[in-house]
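Take a look at the letters that make up each chain.
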Amino acid sequence: MSGSPADGSTGTFTWNTAGNTFMKAEATSLEGCKSNIDSVPLVVRAKPIANFTVSDTTVCGSDSTIITYNGLMPVSGNNFTWQLGGTVLNPGTNAWGPFHVSYPANGVYPLTLVANDNVCNSDTIRDTIIVGSYPLSNAGNDLTTCSNQPIAIGTTNTAGYSYSWTNPSYLSSSTVSNPQATVPVVGTADTTVRFIVTTTLAYCDRKDTMILTVNSVQRAFFIPPNPQCETNNAFDFSPLFGVVPGATLTWIIGTDTIVSPTIQDYNFTSSGPKSIILQTQTPGCLPDQYIANVIVKPNPVVNFSVNQNTGCAPLDVIFQNLSPAIPSPTYLWNFGDGVVSFINNPTHTYPNQGVYTPTLTLTSADTCSTTDTLAGGISTFPIPVALFTANPLVANELNPVFNFESAFANNGCYYDFGDGTGDSSCSATHEYENVGTYMVTLYTFNAGGCRDTFQLEVIVTPNYSLYIPNAFTPNNDQINDRLSIYSEGVDEFNIKVFNRRGQIVYESSDPYESWNGKFLNDGEECMSGVYVYEALIKDFNRKKHNLKGQIYLLK
């Protein structure tokens, strides 16, 4: 407690804390004598604590604020003095609020509050509310434009206003009153974009909205197809983003002008880069054009030859590649008989008769292929077999007629009868004029130039004749398996065949009987080797003949 003066007059005392206390006084005379102490009880009250909040200290136009008391002094039974811009707020039902306050005009409104708890006043609580004007915000009329076509939106600028637009990526500027809007549309459907402008004056702002309808425009853009080879190329063309209804698409390819949304299976007749132009026109919008190239890869030129295309089987054919040189080629030879080769100049053997169509497929480094086929193909022919029979093998001069028959059908035959004459039939009959031994040769041939020869000896004997072959082969192959004796003009006949030990291995008195190579024709098989014979005959003139010779038994 402090106070003044101390000379017995009145004074002012201040207490720093609230509570109950006493006021004491004591007087002292000049002589130093003191009076009794007198005391008075005192009550020191706490100063009320007042406070309030304002929902917004800056408001615009007719906007209101909410003033709310939030001090520590109880509200019941106490007094609150509010002043707003020199005007006492009408406390209404509750002197402590809250108050919803609207402002009649722009300006600065100071706000104060003093609270009284019926004894003490609080400190004066202050705040300031500033009231401004709303600007006029105008985003302009709703408009329609084409994709990627600029259009002005908004209105003219007002001094003191600032502007901020949504969707700034579509605008030439998002902070002016009338920017240009450019909206791309991907696809074939129209779209709408909502633009909102926020117009600000000082701290007050308002928003306005306009709708921009953006019509889809047929874009003249396409992705060029991958390169193709010149042979059998077929290109398809179509716009990347689809076709806009009502749009016209015009393709210009060389001298061709094609009005169509798409092109399928377009064929180029030569190789190289090809210019493709797409022009589009969407009603009400600007035209568009796009140019790109496609690549047509050349096919290699293929040519080959063979050293021969006909011949006898087995036929060896040399194939020679005559194609113009290209970088890093690959070869595929198909010989037409199921066999292939991958080398440049192969040789192939055709083992069997037939007609074959060989091809060469040449593939370039960029995977283009061309196939060439040998004109006329390759023809192989079998070797004709010139085996023939003669009937008889021995004839006498009384009837020297022989019949010759080819054992196999051949394209051509020619018999050389060994007497300076011949016949071009495969079945021939010939009569000899003189006694003798004749070597008959059969020549056979076919369309492929294939040839074969076979020879057989025939004999023309005098009145009587006896022909004993000098060899036979009893091996059961149905060819020369028996030793057959041919005779003519013979009245009596006997033949004995001896082995090297002088043992008779065959004997017969019948000239039409034959030896089968076994001991006396029904014993063990005789060994291969040389045997001798002795034949005793008497001809029709009763003249006797003794003939001897050798026989080769071969197996």
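Residues numbered from 1 in each chain as written. Predicted model: local features only at pLDDT ≥ 70, side-chain atom pairs only at ≥ 80, totals over all residues. Heavy atoms only, no water.

## Notes on the overall build of the protein
Across its full length, the protein carries 0 helices and 52 strands. Compactness check: the protein gives a C-alpha radius of gyration of 68 Å against a globular reference of 24 Å for 555 residues, more than 25% above the reference. C-alpha atoms of the protein, sized along the principal axes, occupy 225 × 70 × 40 Å. Across the 555 residues of the protein, 36% fall into the buried class. With an accessible surface of roughly 31,400 Å², the protein has 50% of that area assigned to carbon and sulfur atoms. Computed over 23 positive and 44 negative side-chain charges, the inter-centroid distance for the protein is 9 Å. (Helix = DSSP H or I, 4+ residues; strand = E, 2+ residues; numbered from the N terminus. Rg over C-alpha atoms; globule rule 2.2 N^0.38 Å. Buried < 20%, exposed > 50% of the residue type's maximum accessible area, 1.4 Å probe, protein only. Areas by Shrake-Rupley, 256 points an atom, 1.4 Å probe, with all protein chains shown as cover. Lys, Arg positive; Asp, Glu negative; His and termini not counted. Charge placed at Lys NZ, Arg CZ, Asp CG, Glu CD.)

## Regarding the state of the cysteines
Tallying each qualifying case throughout the model produces 5 disulfides. Covalent S-S linkage joins Cys60 and Cys204, the inter-sulfur distance amounting to 1.7 Å. On the sign convention where negative is left-handed, the bridge of Cys60 and Cys204, at about -100° about the S-S bond, is left-handed. Within this pair, whereas Cys60 is found in strand β6 (residues 58-60), its partner Cys204 is found in strand β18 (residues 204-215), the two being separated by 144 residues in sequence. The residues Cys60 and Cys204 share a single accessibility class, namely buried. One disulfide bridge connects Cys312 with Cys450, the sulfur atoms lying 1.8 Å from each other. Here the S-S torsion is close to -125°, and the disulfide linking Cys312 with Cys450 is therefore left-handed. Within this pair, whereas Cys312 is found in strand β27 (residues 310-312), its partner Cys450 is found in the loop between β42 (436-445) and β43 (451-461), the two being separated by 138 residues in sequence. Sequence-ordered numbering of the bonded cysteines in the protein gives a pairing of 1-3, 2-5, 4-7, 6-10, 8-9. (Disulfide = S-S within 2.5 Å.)

## Quick notes on the sheet that holds strand β32 (residues 354-356)
Reading across the sheet, the 3 strands line up as β27-β35-β32 and stay open at both edges, with mixed pairing between neighbours. The open sheet has two edge strands with one neighbour each: β27 and β32. The sheet shows a mean angle of 20° between the axes of neighbouring strands, direction not considered. (Pairing = 2+ DSSP bridges. Axes fitted to C-alpha atoms, helices over the stretch in contact; angles between N-to-C directions.)

## Focus: the packing of aromatic side chains
One pass over the structure, following the stated rule, counts 33 aromatic pairs. A ring pair is formed by Tyr69 and Phe80, whose centres lie 5.1 Å apart and whose planes are at 65°; its orientation type is edge-to-face. Remark: Phe80 occurs in strand β8 (residues 79-84) and Tyr69 occurs in strand β7 (residues 64-69); sequence separation between them is 11 residues. Phe80 matches Tyr69 in its accessibility class, with the two residues each being buried. (Phe/Tyr/Trp six-rings, centres within 6.5 Å; stacked < 30°, edge-to-face > 60°.)

## Quick notes on the nonpolar core
Side chains that are nonpolar tend, in soluble globular proteins, to be buried together. Core analysis: the biggest nonpolar cluster contains 21 residues, and Ile67, Trp82, Leu111 and Ile129 have the highest contact counts within it. For this core, the secondary-structure elements that each account for two or more residues are β5 (52-54), β7, β8, β10 (99-102), β11 (107-116) and β12 (125-132). With 4 residues, β11 is the single largest residue contributor to this core. (Core = buried A, V, L, I, M, F, W, Y, C linked by side-chain atoms within 4.5 Å.)

## Section: the sheet that holds strand β34 (residues 369-373)
In spatial order, the strands read β30-β29-β33-β34; together these 4 strands make up an open sheet with antiparallel pairing. Looking at strand neighbours, the two that pair on one side only are β30 (340-341) and β34, the edges of this open sheet. Of the pairings in the sheet, the one linking strand β29 (residues 330-334) to strand β33 (residues 359-363) comprises 5 bridges and is antiparallel in character. Paired with Tyr331 across the two strands is Leu362, which belongs to β33.

## Description of a nonpolar patch on the surface
On the surface, a cluster of nonpolar side chains totalling about 250 Å² of accessible area is made up of Val108, Ile130 and Tyr203. Along the chain, Ile130 falls in strand β12. (Patch = residues over 30% accessible without salt bridge, like charges linked within 9 Å, V, L, I, M, F, W, Y side chains within 5 Å. Salt bridge = Lys/Arg side-chain N within 4 Å of Asp/Glu carboxyl O.)

## A closer look at the environment of Pro392
Here Pro392 is to be found in the loop between β36 (388-391) and β37 (394-396). In the structure, Pro392 is positioned 147 residues away from Asp539 in sequence and 20 Å away in space, judged by C-alpha atoms.

## Comments concerning unusual backbone geometry
Each neighbour pair has its own omega, and for Gly97 with Pro98 the value is 0°, a cis peptide bond. Among the structural elements, Pro98 can be located in the loop between β9 (87-88) and β10. Here the amide bond leading from Asn391 into Pro392 is cis, since omega sits at 0°, within 30 degrees of zero. We note that Asn148 has phi near 65°; this positive angle belongs to a residue other than glycine. Considering the arrangement of structural elements, one finds Asn148 in the loop between β13 (143-146) and β14 (151-152). Note on Asn148: relative accessible area 46%, which makes it partly exposed.

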